[in-house]
Amino acid sequence: MSTISIPIASHTAIHPTHPKGVKARVLLTSVFGPYAQDDEYGSRVLNPMELYHNQVTRVQEAFSLRMFHRSWGIMLIQANISAPCTLLDFPTRDRFIEEISSNHYDVIGITSIIPNILKVQHMCELIRQHLPEADIVIGGHVANVPDLDQRIDADHIVQGEGIQWMRRFLGDDESAPVNHPDIISGIGTRSLGVLARDKPGDVAATLIPSVGCPMGCNFCSTSAMFGGKGKFFHFYETGDELFDVMCRLEKNLHVRSFFVMDENFLLHRKRALRLLELMIENNKSWALYVFSSVKVLRSYTMDQLVGLGISWVWMGIEGEDSQYDKVGNTDTLSLVRSLQSHGIRILGSTIIGMEEHTPGNIDDAIEHAVKHDTEFHQFMLYTPILGTPLYAELSSQGRLLSEDEFPLADTHGQFRFNYRHQHIKDGQEREIILRAFQRDFEVNGPSVVRIVRTMLQGWKRYKNHPDARIRDRFAWEARDLPTVFSGVLWAARQRLRNDLPMFTKISSLLEDLHQEFGLKSRLVASIAGRYIQFMMKREEARLSKGWTYEPPTFCEFRHAAIVSA
């Protein structure tokens, strides 16, 4: 699952401090692109900088959800230090060289995931060449690599939460409140070849209440990064603090929806329920998109979930015989159906290649996942990541592949195992994971169609709810059903007209929209649908020729950071 790449503890015994303190000029950067290509620096076509297309809607072609997410961790750090600071996000190699050769920096921080370790190595070499006196600080998931200090030329390798580390390093007040930056959750969002609207209010804000994963699964790199099972760090301890931040984001970004980047937001029950109280008192009709374990989700009533504005949930749906007991005795099929009937969309997550999986039972595991018919479904290979307990366990058993056999650049969970599985051998997992995605798409259809189905269920259920706050949220979420989404269904039906079961399913859903919204929906469907159909064909043609998407480069200054060399 997705996580925050930000630098609690340094590898040094005594916390280092920079001699210039808050007068040091700081550059924070992500690794250079392009990303969606196979190159000598570890980029992979199979591992683009697109979370959903990479791991969720991978085989849905033009229907796939495409978007980029900013490097939120370094944005948080920049917003919480006093030193003049430049943030360079998604630079090309040339743009990074231009930045460090044209400007003077005393501290350069790089954030990265493990597959991009060669890019980090190369960026350190470039810094030594152009700014040899600069302190190089490395954070993010790549800091989990135990011998990283032997692989790259850096001064400080930082694991865990980076704001306090950097404040201490620069002589700032570590106890100061965390200033949440204004972050839009997605960039360049598109599906069916059409760019989504990105005007104020159309895109959710990213909200980061906490970091770390308290569940502590042995394969979880996020848990390992922040100290293991039960370890997490709250930026905002109380519902009151969180509410204040959300009000500010609402005002500054003109939003009413929030992508809550917290590994198990609802686990912190006191904070969540206090937030609900404040939303009711202040008549806030917000929508929240959250991560949650099934057990925690079950601990709330449906009225509480709907009152909080929970509109979308990312949750693990492990196999029926899984060793990871995140679901307890929950009937996850019934839970998903119940949530969907209240308009709550689900992103289910299933791991392929657990220890109990064999070529003989893997199709049963896939069918169990597909049967849930969640709006989205992520499939990931069971992968021991450097720094995790699972990696240590398989290393002690002698089951890990050497880096000559399996480069770190391929440890992204969508290709093959980096160890010897007891039952699935000879690269069978490559076909198995593709089969999982394809089976989900074949049975359940495009994710965008599933979204319409569940949004319509929510609208029908709550359009006449006695609480105006609840009615208002569902009306806002359903605002595009009779127009944009009528066109989407029309175009999807045309595209899948040779698939009789899917054609019938989409036709029935489109008729439900027409019945609910009347003439407006009927008139718009074919007009908007023909435009979307044209855009889909153009997108499919581009993709068939190997077209890939790359994020734009961002260069942002705080406190006039740039001083010419």
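Residues numbered from 1 in each chain as written. Predicted model: local features only at pLDDT ≥ 70, side-chain atom pairs only at ≥ 80, totals over all residues. Heavy atoms only, no water.

Trainee: Describe the pairing of strand β15 (residues 310-316), naming the residues involved and giving the relevant values.
Mentor: Consecutive side chains of a regular strand alternate in pointing toward one face of the sheet and then the other. When you tally the buried positions in β15, you get seven out of seven residues, the bulk of the element. Of the strand pairs in this sheet, strand β14 (residues 287-291) and β15 are connected by four bridges, and their pairing is parallel. By the bridge assignment, Y289 is partnered in β15 with W312. Pairing analysis gives five bridges linking β15 to strand β16 (residues 345-352), with the strands arranged parallel. Its bridge partner being in β16, M315 is matched across the sheet by G348. (Buried < 20%, exposed > 50% of the residue type's maximum accessible area, 1.4 Å probe, protein only. Helix = DSSP H or I, 4+ residues; strand = E, 2+ residues; numbered from the N terminus. Pairing = 2+ DSSP bridges.)

Trainee: Just give me the short version of the packing of helix α3 (residues 93-102) against helix α4 (residues 117-130), but keep the residues and values in it.
Mentor: Their axes nearest at 10 Å, the elements α3 and α4 cross at an angle of 30°. By the criterion of interaxial angle, the relationship of α3 to α4 is roughly parallel. Remark: the crossing between α3 and α4 carries right-handed chirality. Within the contact between the two elements, α3 uses R93, F96, I97, I100 and S101 and α4 uses H122, M123, L126, I127 and H130. (Axes fitted to C-alpha atoms, helices over the stretch in contact; angles between N-to-C directions. Parallel < 35°, antiparallel > 145°, perpendicular 65-115°, else oblique. Left-handed = near helix turned anticlockwise from the far one by under 90°. Contact = heavy atoms within 4.5 Å.)

Trainee: With reference to specific residues and values, describe the side chain of N103.
Mentor: Mapped onto the fold, N103 is located in the loop between α3 and β5 (107-111). Overall, the relative accessible area of 10% leaves N103 in the buried class. A distance of 3.2 Å separates a polar atom in the side chain of N103 from the backbone oxygen of E99. (Polar contact = N/O pair within 3.5 Å; in protein donor to acceptor, adjacent residues only side chain to side chain.)

Trainee: How would you summarise the nonpolar core if you had to cite specific residues and measurements?
Mentor: Across soluble globular proteins, nonpolar side chains have a tendency to be buried as a group. Counting 134 residues, the largest nonpolar core has F258, L266, L275 and L288 as the members making the most contacts within it. Sorting elements by how many residues they give to this core places helix α16 (residues 447-462) first, with seven residues. In this structure, L275 is in contact with G239, L242, F243, M246, F265, W286, L288 and L308, ignoring residues within four places of it in sequence. (Core = buried A, V, L, I, M, F, W, Y, C linked by side-chain atoms within 4.5 Å.)

Trainee: Which residues make up the sheet that holds β15, and what values do they have?
Mentor: The strand order across the open sheet built from six strands is β10-β13-β14-β15-β16-β17, with neighbouring strands paired in parallel fashion. The outermost strands of the open sheet, each flanked by one partner alone, are β10 (205-207) and β17 (376-381). Each strand of the sheet is rotated relative to its neighbour by a mean of 15°, with strand direction disregarded. Taken together, the three bridges between β10 and strand β13 (residues 257-260) define a ladder with parallel strand orientation. Along β13, the bridge assignment pairs A205 with F258.

Trainee: With reference to specific residues and values, describe α4.
Mentor: Given a rise of 1.5 Å per residue, 14 residues ought to cover 20 Å, and the 20 Å separating the end C-alpha atoms of α4 matches this to within 8%. Every buried residue belonging to α4 is among I117, K119, V120, H122, M123, C124, L126 and I127, and all of these are buried. At its buried positions, α4 is contacted by β2 (26-30), α3, β5, β6 (135-139) and α5 (148-151). (Expected span 1.5 Å × (residues − 1).)

Trainee: Outline the packing of aromatic side chains, listing residues and values.
Mentor: Taken as a whole and judged by the stated rule, the model has 21 aromatic pairs. Judged by centre distance (5.5 Å) and plane angle (40°), the ring pair of F243 and W286 falls under tilted. On the criterion of sequence distance, the pair formed by F243 in helix α8 (residues 239-253) and W286 in the loop between α9 (269-281) and β14 is long-range, its members being 43 residues apart. Accessibility assignment for this pair places F243 and W286 in one class, buried. Taken together, the aromatic side chains of Y52, W72, F259, Y289, F291, W312, W314 and F376 make up a single cluster linked through ring pairs. The ring of Y300 carries R269 above its face, with NZ or CZ at 4.5 Å from the centroid. In this structure, R473 packs its charged tip against the face of F474, placed 4.3 Å from the ring centre. (Phe/Tyr/Trp six-rings, centres within 6.5 Å; stacked < 30°, edge-to-face > 60°. Lys NZ or Arg CZ within 6 Å of the ring centre and 35° of its normal.)

As far as function goes, none of this settles anything; it's purely spatial.
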